[in-house]
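Analysis of the macromolecular model
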Amino acid sequence: RGHSRWQTKLNRRKPIFRSGTCLFPAVAYYHQSIIQSTLSFTMSTPAPKSGPGDMSMFNVLHGFPEALIRGMRNSFLLDSDYHHLTQCESLEDVKLNLTESDYAESLADLGAITPNELQKKAIEKLVVEFKYLRTQTVEPLSTFLDFITYEYMIENIMLLLKGTLSGRDIDELIAQCHPLGLMKASTMKSIGLFEASAKGYSDLYQTVLVDTPVGKYFAMFLQESSESAGGETKGVLEEVEIEIIKSSLIKYWIEDFYNFVQKLGGETSVIMGEILRVRADTNAINITLNSFGTSLNEPEFRTSDRKRLYPAVGHLYPAGTAMLTDVSDEDELGRVLELFPQYSTIWNIHSAGGGEKSIDDAFYERDVQMLELAFEGQFHFAVFYAYVKLKEQEIRNMVWITECILQAQKDEINKFVPVFSQHAPWRMAKRR
Amino acid sequence: MSTSATCSSEFCNAGWAEVLTHMSPYGYANFGIAFGLGLSVVGAAWGIWLTGSSLVGAAVKAPRIRSKNLISVIFCEATAIYGVIMAIILANKVKKPDEATYYLDEDWDFAGFYYAGYGMFSAGLSVGLTNIASGISVGIAGSSCAIADAQDPSLFVKILIVEIFASALGIFGIIVGIIQSNSCTFPISALG
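Note that the structure is a prediction, hence the values are computed from the model and not measured. Once a new chain begins, its residue numbering starts again from 1 and follows that chain's sequence as written. Think of it this way: whatever chain is written first is A, whatever ligand is written first is 1, and the rest follow in order. Local features in a predicted model are, by the rule used here, given only for residues with pLDDT of at least 70; side-chain atom pairs are given and counted only at 80 or more, and totals for whole chains, interfaces and linings are based on all residues. Only heavy atoms go into the side-chain values, all of them from the structure, while hydrogens and water stay out.

Quick look at the overall build of chain A now. Comment: elements are numbered from the N terminus, with helices defined as DSSP H or I runs of at least four residues and strands as E runs of at least two. When you go through chain A residue by residue, the secondary structure sums to 22 helices and zero strands. For every residue, the accessible area (1.4 Å probe, protein chains only) is compared with the maximum for its type, and the residue is labelled buried under 20%, exposed over 50%, or partly exposed between those bounds. The buried share of chain A, taken over its 432 residues, is 50%. Of the accessible surface of chain A, which amounts to about 21,600 Å², a share of 54% is contributed by carbon and sulfur atoms. Throughout, the Shrake-Rupley method with a 1.4 Å probe supplies accessible areas, and for residues the shown protein chains are the sole cover considered.

Laid out in structure tokens, this is it:
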């Protein structure tokens, strides 16, 4: 009668402001501040300078780096290389076999290799390639590549903090840092000078970390822990403190990266968004699993502390993480994961137990499959992330093989996840 | 805003029909030549930058693809050549009248005059617009071809077939353009 049904519905949804115009700005601000204080403090991700472009415009700015990384995709070890490596009897044979692969130059000046040396050289090679890529890129791809390095920066900061707490020498720790996440030497040295208390951390942030790109994640963590700080929670925190800080920083990094990727739009947001969602879910499941048997699993700390570590992105968010908060042992975790088919298969591998595969192996296999699929499409940024992660998997594989050869445990040697393998189980299943 | 918007100056038009038919066929014809050439070159350049950047990047790690994949660049260049051919054909048909008069004679071949103008304009657009599409699609296919060739050499010829179909689009444009402009000639003197 007069208005349509749609209009009456709209009018019914305006509870706060009754009369119009002059109240609107003040009331809207009040409304917004209510929302902000009930949710946790939200992080603002700066918008990218431009989108990646669809297939007709992507190559203008990013064609060269993408073609570079696809050329680098050739450098992964093949099935035949892995076969030769597993047949090696000694580490000299391993080195001989690797001289026919892309690692020839990196290993040329090494005398005899050990697993640690091999890992170091392989990571150095990856870092050289990554730095070359980073210098060839422009916005927004350069910010995307920077986001990939923030994860390693967080790991390095935590390594330095933890190491200085147990009293190790700062230079020795800096030598152990992951090269992709290095900051200025003065910054890293000064991280070791702070004490592990609430005041110590906020001093650390304000003097040192605020200049680093990951400073904002630390700021969010400090804000969150000061909001929930009470007398009782302090005691719990100190026990597992460093791990909690690291999980929180990684959580904020994943959310920040996800927001950035969504703002990029296009194919990148589809593929990379999926990769990050799966990553967030993996983190949530691992946090829950690792908390059994620690004080984080106790009912009073589950909602206040463990729930705060779950990222706010992912297939498990928000319903799954809400259920995960109440989980107290593995059976309940299994029951929660039954509701999510992609994780129930992984969980069944874990609960079937046995020495065959651990849940980490199952997660690695699933990750490798997803990252290989990122290479199936052109004109998006996810290939860069996929390359770094797949190279890491390859380095893990090589270290595993050399460790098995060194310790003469030949029956364990085949428990690695090859990258771009023609015999991967999911590829074989498709062929049948 | 008055509803009676009748124009009262001596330069008034009776409407769009009058404006369009009063534009000189020479103008139409020469714009056709410009569009034909310009849009073809835009398409070719777009295609070359799409495929060239991927070719240069992929050749860093797989240098063997350098020479073979220049075919993609040549296909893009061909679209520009179609534009040049059409422009030269059309430019040769534009002729100036024998005598310079202020007004055209009454028995001037107005039918042929306007036919030539419109015909050449549309021939230029036919060639130009199809070559933009052809250039972009050859560029994207060429970019994927370079990258796939770097990965697996047996893929090169198969993806080249995709590019051949893409450059056929430019050929459609020039064929239709030639048919459209075939019997267009500008009259140079009055009939009879």
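Now that the structure is up, let's keep going.
Our focus in this paragraph is the overall build of chain B. Each helix and strand counted, chain B has six helices and zero strands in total. Tracing chain B from N to C terminus, the helices and strands come up as α-α-α-α-α-α. Radius of gyration here is computed from C-alpha atoms only, and the compact-globule reference equals 2.2 Å multiplied by the residue count raised to the power 0.38. Taking 2.2 N^0.38 as the reference for a compact globule, 192 residues should give roughly 16 Å; the C-alpha atoms of chain B span a radius of gyration of 23 Å, well beyond that estimate. When the backbone C-alpha atoms are referred to their principal axes, chain B occupies close to 70 × 50 × 20 Å. Relative to its 192 residues, chain B shows a buried fraction of 41%.

Residue and element names in this part refer to chain A. Here Gln422 shows up in the loop between α21 (382–406) and α22 (425–431). On the basis of relative accessibility, which here comes to 43%, the residue Gln422 falls in the partly exposed class. Between the alpha carbons of Gln422 and His83 there is a distance of 13 Å; along the sequence they are 339 residues apart.

Residue contacts follow a heavy-atom distance rule, with two residues in contact if any of their heavy atoms lie within 4.5 Å. Taken together, the 18 residues of chain A in the interface contact 18 residues of chain B. The term buried area denotes the loss of accessible surface (1.4 Å probe radius) that occurs when two parts are joined, taken as the sum for both partners. For the pair chain A and chain B, the two sides together bury roughly 1,500 Å², of which 61% comes from carbon and sulfur. Here, a salt bridge means any side-chain nitrogen of Lys or Arg that lies within 4 Å of a carboxyl oxygen of Asp or Glu. Between chain A and chain B we count zero salt bridges in total. Any N or O atom pair separated by 3.5 Å or less is treated as a polar contact, with the protein-specific requirement of one donor-capable and one acceptor-capable atom, and with residues adjacent in sequence counted only for side-chain atom pairs. Connecting chain A to chain B are nine residue pairs in polar contact (both at pLDDT 80 or more).

Let us look at the nonpolar core. Among the nonpolar cores identified, the biggest contains 129 residues, and Phe144, Tyr217, Phe218 and Phe257 of chain A are the most heavily contacted of them. Looking at this core, the element that brings in the most residues is α21 of chain A, giving 14 residues. Among the nonpolar cores identified, the runner-up in size contains 16 residues, and Tyr82, Ala87, Ala123 and Ile174 of chain B belong to it. Among buried residues, the Ala, Val, Leu, Ile, Met, Phe, Trp, Tyr and Cys ones that are joined through side-chain atoms within 4.5 Å form a nonpolar core.

Glancing now at the pattern of salt bridges. Once their charged atoms are close, side chains differing in charge can pair, the charge on each being opposite to the other. Residue and element names in this part refer to chain A. This model, assessed by the stated rule, comprises 17 salt bridges over all chains. Here Lys389 and Glu151 are joined by a salt bridge, their closest N and O atoms 2.9 Å apart. Separated by 238 residues along the polypeptide, Lys389 in helix α21 and Glu151 in helix α8 (residues 141–165) bring together distant segments of the chain. Each member of the pair, Lys389 together with Glu151, is buried. Note that Glu274 and Arg277 form a salt bridge whose closest N and O atoms lie 3.2 Å from each other. Of this pair, Glu274 and Arg277 both sit in helix α15 (residues 266–291), three residues apart, roughly one helical turn. Classification of Glu274 as partly exposed rests on a relative accessible area of 28%. Each of Glu151, Arg279, Lys389 and Glu392 takes part in salt bridges that share partners, so that together they form one network.

Residues and elements named next belong to chain B. Here, the term disulfide refers to a pair of cysteine sulfur atoms separated by no more than 2.5 Å. Taken as a whole, this structure holds one disulfide over all chains when the rule is applied. Shown here is the disulfide that connects Cys7 with Cys12, its sulfur atoms set 1.8 Å apart. In this structure, the disulfide formed by Cys7 and Cys12 twists by about -80° around the S-S bond and is classed as left-handed. Looking at Cys12, the relative accessible area reads 22%, which means it is partly exposed. Among the cysteines around Cys76, which has no disulfide bond, Cys145 carries the closest sulfur, lying 11 Å off.

In this section: the environment of Ala104 of chain A. Here Ala104 of chain A is to be found in helix α6 (residues 104–107). The sequence separation of Ala104 of chain A and Tyr317 of chain A amounts to 213 residues, and the corresponding C-alpha distance is 45 Å.

Let us now look at a nonpolar patch on the surface. A grouping of Met57, Val60, Leu61 and Val138 of chain A together with Trp49 of chain B is seen on the molecular surface, where their side chains present a nonpolar patch of about 410 Å² in accessible area. Here Met57 of chain A shows up in the loop between α2 (24–38) and α3 (58–72). Given the relative accessible area of 38%, Met57 of chain A is considered partly exposed. Patch rule: a residue counts if its relative accessible area is over 30% and it has no salt bridge; like charges are joined within 9 Å, and nonpolar side chains (Val, Leu, Ile, Met, Phe, Trp, Tyr) within 5 Å.

Moving on to the packing of aromatic side chains. We call Phe, Tyr and Trp rings a pair once their centres come within 6.5 Å, taking the six-membered ring for Trp, and we label the pair stacked below 30 degrees between planes, edge-to-face above 60, and tilted otherwise. A full pass over the atoms with the stated rule returns 26 aromatic pairs over all chains. With a centroid separation of 5.9 Å and 70° between ring planes, the pair formed by Phe58 of chain A and Phe379 of chain A is classed as edge-to-face. On the criterion of sequence distance, the pair formed by Phe58 of chain A in helix α3 and Phe379 of chain A in the loop between α20 (359–374) and α21 is long-range, its members being 321 residues apart. The exposure class of Phe58 of chain A is buried, given its relative accessible area of 0%. Look at Trp108 of chain B and Phe113 of chain B: their rings are 6.0 Å apart centre to centre, the planes differ by 85°, and that puts the pair in the edge-to-face class. A connected cluster of aromatic rings, assembled from ring pairs, spans Phe58, Phe144, Phe147, Tyr150, Trp253, Phe257, Phe260, Phe379, Phe381 and Tyr385 of chain A. To sit over a ring, a charge needs its Lys NZ or Arg CZ within 6 Å of the ring centre and within 35 degrees of the ring normal. One cation-aromatic arrangement involves Arg73 of chain A over Phe420 of chain A; the distance from NZ or CZ to the ring centre is 3.8 Å.

Next up on the list: helix α6 (residues 155–181) of chain B. Take the number of residues in a helix, subtract one, and multiply by 1.5 Å to get its expected span. Its 27 residues place the ends of α6 of chain B 40 Å apart at the C-alpha level, agreeing with the 39 Å of an ideal helix rising 1.5 Å per residue. Listed in full, the buried residues belonging to α6 of chain B are Phe156, Ile159, Leu160, Glu163, Ala166, Ser167, Gly170, Gly173, Ile174, Gly177 and Ser181 of chain B.

Residue and element names in this part refer to chain A. The contact between α3 and α21 brings their axes to 10 Å, and the two run at 30°. Here α21 runs roughly parallel to α3, going by the angle between their axes. With respect to the hand of their crossing, α3 and α21 are arranged in left-handed fashion. Residue-level contacts link Pro65, Glu66, Ile69, Arg70 and Met72 of α3 to Val383, Phe384 and Tyr387 of α21. Each residue gets one label: Ala, Val, Leu, Ile, Met, Phe, Trp, Tyr, Cys and Pro are nonpolar, Asp, Glu, Lys and Arg are charged, and the others, such as Gly, are polar. In terms of residue class, the contact of α3 with α21 is made up of six nonpolar, no polar and two charged. Whenever a helix is involved, its axis is fitted only over the stretch in contact; in every case the axis is a line through C-alpha atoms, and angles between N-to-C directions fall within 0 to 180 degrees. Roughly parallel covers angles under 35 degrees, roughly antiparallel covers those over 145, roughly perpendicular covers 65 to 115, and oblique covers all other angles. Put simply, a crossing is left-handed when the front helix is turned counterclockwise from the back one by less than a right angle, and right-handed when it is turned clockwise.

Residues and elements named next belong to chain A. Averaged over every residue, the pLDDT of chain A is 80; the share at 70 or more is 86%. The predictor attaches a confidence to each residue, called pLDDT, with possible values from 0 through 100. Mean pLDDT values for the elements of chain A range from 40 in α2 up to 93 in α21. Low pLDDT (under 50) marks residues 1–40, which in the prediction has six contacts with non-local residues, meaning those over four places away or in another chain. Here residues 230–239 scores under 50 on pLDDT; set against residues more than four positions off or in separate chains, the count is seven contacts.

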